[in-house]
Every structure is written in C-alpha cells, then in structure tokens.
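Residue-level structural notes
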Amino acid sequence: MSLIKSISGIRGTIGGKVGEGLSPIDVVKFAAAYGKWVSNATAQMTEENAEETTSQNQKIIIGRDARVSGELVSQLVSSTLQAMGFDVLDLGLSTTPTVEMAVPMENANGGIILTASHNPGNWNALKLLNQKGEFISAKEGEEILRIAESDDYEFVKVSDLGSYSTDDTYLQKHIEKILELPLVDKEAIAAKDFKIAVDGVNSSGGIAVPMLLEALGVKQVDKFYCEPTGIFQHNPEPLPENLTHICSTIKSGNYNLGIVVDPDVDRLALICEDGTPFGEEYTLVAISDYVLQHQDEGQTKNTVSNLSSTQALKDITLKAGGEYHAAAVGEVNVVEKMKECNAVIGGEGNGGIIYPELHYGRDALVGIALFLTQLAKFKGSTKMLRAKYPSYHISKNKIELTPEINVDNVLVEISDKYKSYPVNKIDGVKIQFDSEWVHLRKSNTEPIIRIYSESQSEATAEHLAKKIMQDIKEIITQ
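Residues numbered from 1 in each chain as written. Predicted model: local features only at pLDDT ≥ 70, side-chain atom pairs only at ≥ 80, totals over all residues. Heavy atoms only, no water.

1. Quick look at the overall build of the chain
What counts is decided by this rule: The helix and strand labels rest on DSSP assignments: H or I over at least four residues marks a helix, E over at least two residues marks a strand, and numbering proceeds from the N terminus. In this setup the radius of gyration rests on C-alpha atoms only. A globule is expected at 2.2 Å times the number of residues raised to 0.38. Classification of residues uses two cut-offs on accessible area relative to the type maximum, computed with a 1.4 Å probe and protein chains only: under 20% is buried, over 50% is exposed, and between them is partly exposed. The charge count treats Lys and Arg as positive and Asp and Glu as negative. His and the chain ends do not count. The location of each charge is read from NZ of Lys, CZ of Arg, CG of Asp or CD of Glu.
Across its full length, the chain holds 16 helices and 20 strands. Compactness check: the chain gives a C-alpha radius of gyration of 23 Å against a globular reference of 23 Å for 478 residues, within 12% of the reference. Residues classed as buried in the chain amount to 54% of the 478 residues present. The centroid of the 45 positive side-chain charges in the chain is displaced by 4 Å from the centroid of its 66 negative side-chain charges.

Printed below as a string of structure tokens:
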C-alpha cells in the first residue's frame, strides 16, 4: 500500500492500515487540515479587505472523477468539511478544470478535486485549490501538512454545521464558457463535418468530451470506454503505449481525429487520422501556434512550459515574435511563471493546456475546442498539421541510487562538470547544448534521478541520456 503526502495534496492506494494507504482516517485528517487552512486564509483576507470578504460564504466546492472509491471518499470529505462549518457544493462526477472554474464562479473559499489523475483505479487523491480555483502554492501545502501532522483543527457545534448541496450543471457551464471564447469557432468546426473517435478511459471525460463535441456541432462521434464506471479498460495515463486500441480503431476506420483524456480531464492526447499519435508534447505546441497566430498587433505573444517540455514551443514562439519562458515542473509553477510574464498560453508537455483567457489551470476541454478550430481552418489533415512543426525526440530515463547517496551533491557535480554550457537550476539541473538539452530532477520520495533529454535525432537523445547516466555513475564511485 502507498500513501504520499505532499505539498500538492494527498494520494494513495485504497485500503490498508492508517498511514500506509489512503484510509478513511487519512482522508478525514487531511480534509480537516485543509479546512483549517481555508478558515485561516479567509480570516486573514477578511482582516486585509473586509469590504470584499465579510459577505463571502464559507463554501467549498468538491467534485470527483469516476473511480470506484470516488463516492466514498467524496462523502468522507464533504462530511468532514460540514463538521468544520463549511457549506459544501458537490458537483458530483466532474473534471478538474470544471471544479477549478466553479470555485470563483461560486465565490467559494476553495475546492477539492477527488482524483488520482493518471494513476491506476486503486488509487485516489485530494487535489487542493485556493479561493481563485488554482492549485495551492508550495508554502500553503507545507502549512496544510503541518496542520495535519499536529492535528491542529477543531470541529463546530451542531448549531453551526455546514450545509450540503449538489449541482450537476457545471460541466454545461464550463462548455458554455468555452464556446464564448473568441478563438473558438463553432461554425467552422460544424462545417467540416468531422468524424472523431473519443476514448474517455471510463471516467468523467466519457461524459464531458462528447458533450463538448456536440456543443461544437460535431455530429459523428464514436465513443470508446466512455461509460464512467471507474473500471479503467487500459492504463489511464494517455501515453502511446496505452492507446493501442483507439489507434488501431482509427487506422482501420475513416476518422479525422482521435481524442483521449485522462480520468480527470486535464491532459489531452490526440491521434492522427492514420492511427499514429500526434504526440503528447505537440498538443501544447499546435494549440499555442494557433493562439499565437491570432494575437492582435501589440498584444503579447509570450508562452511558458516546464523545463522538461519540448523546445518546439520555444521555436514557434520566437518565430511568432514572442518570448518563451521556462518554469519548474508542476502546474502551480507554470501558472506562476505565466502570470509573471503575461503569457497568452502555456502548459506542460504531458498534454496539459493552460489558456488564461478561460482560467489558470490545465484544461483538456478548452484544448479540444481550440485544436478543432485550428484543424477546421487548416487546409489539410491532422497528420499534415503535425508535420508543420519542428520534430524533436525526448528520451525519458531514470537512474536509481542507494539511499546513502546524497542526490543533491550529485546534481551539483553534474552542474559543475557542464558549467561551460548554459545551466538552469530552478528545478534540478537542465543543461542546454547547441540543439539538444538534458534535464535532471531528483524524486521527492525515493533516491532516483529522472533524466529527460531531447534532440532532433532520437539516437542523439538516447546517447545524451546514456552519457549523463555514465557521468553520474562515475561521480558516485569516486
């Protein structure tokens, strides 16, 4: 059994002893700690700006993906929050971006999404949002962990218990907000008469994606694994090796596009009409290209992705006359950098699209709408659109070390070894070579260094990773 408590939330496998898996006790404890943090944050806001906050209800939004354990965990969380005096609005089966948008729309104090994202079905998790509907910061996460560890929370009297209500309209509200975006062209999409295959991985995407496509005027939609049973028919992470069924289906059919999302619908993978993956790294690249080409004169054309994402985004950004910025890995870090440099679009190379015009969060639904608009206006197929962009290959590796090895010291020595090249240390060590890069990051939970390398040649990317791994071995044997 596994239980991982981190600054971004708590996740683990269902079952086992307290503290070893995601037990009901652990769920209640962490939900209570989050509730205490929200109360403290709200009290501080009230002191700083009473005019805006005194009338604000103590309200928390919750929603979940379709995991078998989801309803049970949801009941535990909602009951705990009610016992702390919060009114709970439950969106039920929903998506991570939908809950994110609902928080400010409801003028709520925070939100919790019950999803283990791309982890297998025996996992679940609590993802924590602030009053803006954005993921909490590292500092805020540390405070919640402190509260949980010290049991520094208390519950209200029966007369002060919070209320519980449900609202199943927010998926539709989310879609309506997407349709209002100037760069989403419903008429152009409907006119193309696309035939699209959807893999909803037996979760919320099986509901949300077909709803969106219908709203965009797509009439031919073939649905696969769209029943939200929570029993995933394949590994739910939308990587090529897990998408063989939809790829073979598209290859033997007459489709224009395949769409795959993860269980909480914040990652988007696309399949070309010949059954080949568009490439998870290139979801962000293609959509960013469309957004950049439609910025008015004088508008910013800045973009952001994390350090482990393809440099193809930098290439198209510079070509469009914008500035590219790299952020540390993690959605909260990308969002922070996007705000800092006023980026018009950003995200992560795992298919995570962040479009601030809608909200600051990874959102597969807005990604689908923007991509389909782009494809509808492009004179060619999905495969031809993919061929427009610089072709890079990323090699993903890891090296396992023994617990007594100081991983930080290893990264310092690698950085010193390659100090004649541009080195970025905001998140591990990233070394930029002429047209290649390598990024080393340590695991927060085990003695592992993850090594990502990229080149226009797959062989070169592999060679670069092996060279760095050899350097590490030499360092630890000195």
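From this point on, the discussion continues.
2. Structural notes on empty space enclosed by the protein
In plain terms, the rule: Using a grid of 1 Å spacing that covers the protein atoms alone, one calls a set of points a cavity when a 1.4 Å probe fits there but cannot get out, and a pocket when the set is open and has protein on both sides within 12 Å along at least five of seven lines; lining residues are those with an atom within 4 Å of a point. Grid points are joined across faces, edges and corners, and a volume is the space filled by probe spheres set on the points. Residue type decides the class: Asp, Glu, Lys and Arg count as charged, Ala, Val, Leu, Ile, Met, Phe, Trp, Tyr, Cys and Pro as nonpolar, and the leftover types, Gly among them, as polar.
Counted according to the given criterion, the structure contains three cavities of 30 Å³ or more. One number sums up the size of the largest cavity: a volume of about 60 Å³. Around the largest cavity, the lining residues are Pro238, Pro240, Leu243, Ala269, Leu270, Ile271, Pro277, Gly279, Glu280 and Thr283. Counting residues per element, the ones that place at least two in the lining of the largest cavity are strand 11 (268-271) and helix 10 (280-293). Counting residues per element, the lining of the largest cavity draws most heavily on strand 11, which supplies three residues. Here the lining of the largest cavity is composed, by residue class, of seven nonpolar, two polar and one charged.

3. Some remarks on the pattern of salt bridges
For clarity, the cut-off: A side-chain nitrogen of Lys or Arg and a carboxyl oxygen of Asp or Glu constitute a salt bridge if their distance falls within 4 Å.
With the rule as written, the count across this model stands at 24 salt bridges. We note a salt bridge from lysine 442 to aspartate 408, for which the minimum N-O separation is 2.9 Å. On the criterion of sequence distance, the pair formed by lysine 442 in strand 19 (residues 437-442) and aspartate 408 in helix 15 (residues 407-417) is long-range, its members being 34 residues apart. Looking at lysine 442, the relative accessible area reads 34%, which means it is partly exposed. Between aspartate 427 and arginine 441 there is a salt bridge; the shortest N-O distance is 3.0 Å. Placement of aspartate 427 in the loop between strand 17 (423-424) and strand 18 (429-432) and of arginine 441 in strand 19 is noted, with a sequence separation of 14 residues between them. Its relative accessible area of 13% is what places aspartate 427 among the buried residues. The partly exposed category is assigned to arginine 441, whose relative accessible area is 24%. Taken together, the shared-partner salt bridges in this structure form one network comprising Lys127, Asp264, Asp266, Glu331, Glu348 and Arg362.

4. Side note on the pairing of strand 2 (residues 9-13)
The criterion, for reference: In this analysis, strands are considered paired if DSSP registers two or more bridges between them.
Burial analysis of strand 2 places four of its five residues in the buried class, the great majority of the element. Where strand 1 (residues 3-6) and strand 2 come together, four bridges link them in antiparallel fashion. If you follow leucine 3 over to strand 2, its bridge partner there is glycine 12. Counting the residues in the hairpin turn of strand 1 and strand 2 gives two residues. Two elements, strand 2 and strand 6 (residues 123-129), share five bridges in a ladder whose sense is antiparallel. Residue pairing across strands places threonine 13 opposite tryptophan 123, the latter belonging to strand 6.

5. Remarks on the packing of aromatic side chains
The condition is simple: Centre distance within 6.5 Å is the pairing criterion for rings of Phe, Tyr and Trp, where only the six-membered ring of Trp is used; planes under 30 degrees apart are then read as stacked, over 60 as edge-to-face, and the remainder as tilted. Whether a charge lies above a ring is judged from NZ of Lys or CZ of Arg, which has to be within 6 Å of the ring centre and within 35 degrees of the ring normal.
Inspection of the entire model under this criterion finds six aromatic pairs. Taking the centre distance of 6.0 Å and the plane angle of 65 degrees together, the rings of tyrosine 153 and phenylalanine 155 count as edge-to-face. Look at phenylalanine 155 and you get partly exposed, because its relative accessible area is 43%. An aromatic cluster is present here, built from Tyr418, Tyr421 and Phe433 joined pairwise through their rings. One residue, lysine 195, lies across the ring of tyrosine 255, its end atom 4.6 Å from the ring centre. For arginine 386, the ring lying beneath its charged end belongs to tyrosine 282, and the centroid distance is 3.6 Å.

6. Structural notes on the sheet that holds strand 8 (residues 195-199)
Which entries qualify depends on this criterion: Between the N-to-C directions of two axes lies an angle of 0 to 180 degrees, each axis being a line fitted to C-alpha atoms and, for a helix, fitted only over the stretch in contact.
Pairing is mixed in the open sheet, where four strands are placed in the order 9-8-10-11. Unpaired on one side and paired on the other, strand 9 (220-224) and strand 11 mark the two borders of the sheet. Neighbour-to-neighbour, the strand axes of the sheet open up by a mean angle of 20 degrees, direction not taken into account. Pairing geometry for strand 8 and strand 9, over five bridges, is parallel.

7. Describing the environment of serine 435
Quick reminder of the rule: Contacts: residue pairs with any heavy atoms within 4.5 Å of one another. Two N or O atoms form a polar contact when they lie within 3.5 Å of each other; inside protein one atom must be a possible hydrogen donor and the other a possible acceptor, and for residues adjacent in sequence the pair counts only when both atoms belong to side chains.
The residue serine 435 is located in the loop between strand 18 and strand 19 in this model. Using a relative accessible area of 30% as the deciding quantity, one classes serine 435 as partly exposed. Note: C-alpha distance between serine 435 and histidine 463 (28 residues apart in sequence) is 14 Å. For serine 435, the contacting residues outside a window of four places in its chain are Gln311, Tyr392, Glu454 and Ser455. Within the local environment of serine 435, its side chain forms a polar contact with the side chain of glutamate 436, the two groups lying 2.9 Å apart.

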